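Chain by chain, the residues:
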Amino acid sequence: MIYADNAATTKLDPVAYEAIVQWLGEEYGNASQPYSFARKPKVALYDARKIIAKCINAHPEEIIFTSGGSESDNWVIKGSAFADHLHRRTITSAFEHHAILHACGAIERLGYPVSYLNPSTSGTITPENLSSLISLEDRLVSVMFVNNELGSIQPVKELATIAHEHGAIFHTDAVQAVGHIPIDVQELGIDVLSASAHKFNGPKGVGFLYLRKGVKLEQLIDGGAQEFSHRAGTENIASIMGMAYALESNVAMLAENQKHLYELETVLLARLDAEGLQYCRNGGDNTLPGLLSLSFPGKSGETILHRMDLAGISIATGSACDSANTQISHVLQAIALPDVLAKGTIRISLGKYNTKDDTLKIAAELVKIIRN
């Protein structure tokens, strides 16, 4: 089996596995308790915060552990709105992850205004686009760091600057970016950032929120005083430690991993070109290493996915068929990709464990399927 859907989830890093096992055994204490058996878990929590904070140039006390990207995104959208008695507007983009879009829909139903920026056809929210909409009456701007379907990297620093010039908080859903490209929250001007461990070779069901000192969010989960009284619930020490070590490992190998992934995607595209396949690559010129959104005109992305699966290769698609219609993803609709291309769109997302041989096999199967 060749796994080429790393944008959906990633293989657990061995260093993360070892960390998890350690905290599932004898060290099962509750870090919130005052007795000595809780001391090691308590220290572990602090160590994990330090490791993660260093990876994004934050302070340890600005790292809040959550159950993953969806919780973090929901917390930012809802917590920001509920903390604002003035009911100021939230601005986001039309091609965000559903964790953002559905959370925005939820606050809209409660009377909080939301506006949606349309990306360019290359999959970018431009500074000019935000400048034309934002005003001093806005509270939050939330734009993802990397689009999960296209791989397009957004101009986060410029967008954050514009948000701050208008007195707004800037949040980025960085689920696809953390651990894969350099992130310095201080240099980029990010106020709040969402991340999920299983996207950077950590365990599923755990993530973190970077919350800059002084940024006010209402609690999403009430109960105890864990996580500096920001988020109630006994911390999952094993998964948190696995996440910290997975991120540290990826950040340490960032340049090497990027070079490897760029080489793999170059090999893949060169083979498709050599075979004369007609396709369009989506996402513009600045994309996440290894993430390719490819559209084959007149073909069915769902059919390609299933035939690749039969060949033992896991990829994703941008469209799916029900009994009557082809459902094109909201991302491809947002960039106004023509139906003839959108229906034939697949996503190949390579990871650090993929090899050149994997890539050549993926290309060979694609050629066979498209030609047939």
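These figures come from a predicted structure and were not determined experimentally.

Visitor: Which parts of the structure should I look at to understand a nonpolar patch on the surface?
Guide: Together, Tyr28, Tyr35 and Phe37 make up an exposed nonpolar region whose accessible area comes to about 360 Å². With respect to the secondary-structure elements, Tyr35 resides in the loop between helix 1 (14–24) and helix 2 (39–56).

Visitor: Help me understand the sheet that holds strand 8 (residues 207–211), please; the structure alone is not making it clear to me.
Guide: Strand pairing in a sheet is mediated by backbone hydrogen bonds. Such pairs are either parallel or antiparallel. Spatial strand order, 2-8-7-6-5-3-4: seven strands in an open sheet with mixed pairing. Both edges of this open sheet fall to strand 2 (63–66) and strand 4 (114–117), since each of them pairs with a single strand only. Neighbour-to-neighbour, the strand axes of the sheet open up by a mean angle of 20°, direction not taken into account. Contacting strand 2 and strand 8, helix 2 runs over the sheet at an angle of about 115° to strand 2. The strands that helix 3 (residues 69–82) touches are strand 2, strand 3 (89–93), strand 5 (138–142), strand 6 (169–173), strand 7 (192–196) and strand 8; relative to strand 7, the one it contacts most, it runs at about 155°.

Visitor: What is the right way to read the pattern of salt bridges from this model?
Guide: Pairs may arise between side chains of opposite charge once their charged atoms sit close together. Going through the model one piece at a time under the given rule, you end up with 16 salt bridges. Put simply, Glu227 and Arg49 hold a salt bridge, and the shortest N to O gap is 2.7 Å. Here Arg49 lies in helix 2 and Glu227 lies in helix 8 (residues 226–229), a separation of 178 residues in the sequence. Relative accessible area serves as the criterion here: at 2%, Glu227 is assigned to the buried category. Asp357 serves as the salt-bridge partner of Lys361, at 3.2 Å between the closest nitrogen and oxygen. Remark: Asp357 and Lys361 occur in helix 14 (residues 356–371); sequence separation between them is four residues, near one turn of the helix. A relative accessible area of 42% means that Lys361 is categorised as partly exposed. Relative accessible area serves as the criterion here: at 42%, Asp357 is assigned to the partly exposed category.

What counts, and at which threshold
- Residues numbered from 1 in each chain as written.
- Predicted model: local features only at pLDDT ≥ 70, side-chain atom pairs only at ≥ 80, totals over all residues.
- Heavy atoms only, no water.
- Patch = residues over 30% accessible without salt bridge, like charges linked within 9 Å, V, L, I, M, F, W, Y side chains within 5 Å.
- Areas by Shrake-Rupley, 256 points an atom, 1.4 Å probe, with all protein chains shown as cover.
- Salt bridge = Lys/Arg side-chain N within 4 Å of Asp/Glu carboxyl O.
- Helix = DSSP H or I, 4+ residues; strand = E, 2+ residues; numbered from the N terminus.
- Pairing = 2+ DSSP bridges.
- Axes fitted to C-alpha atoms, helices over the stretch in contact; angles between N-to-C directions.
- Contact = heavy atoms within 4.5 Å.
- Buried < 20%, exposed > 50% of the residue type's maximum accessible area, 1.4 Å probe, protein only.

Everything listed here is a matter of geometry and, on its own, says nothing about what the molecule does.
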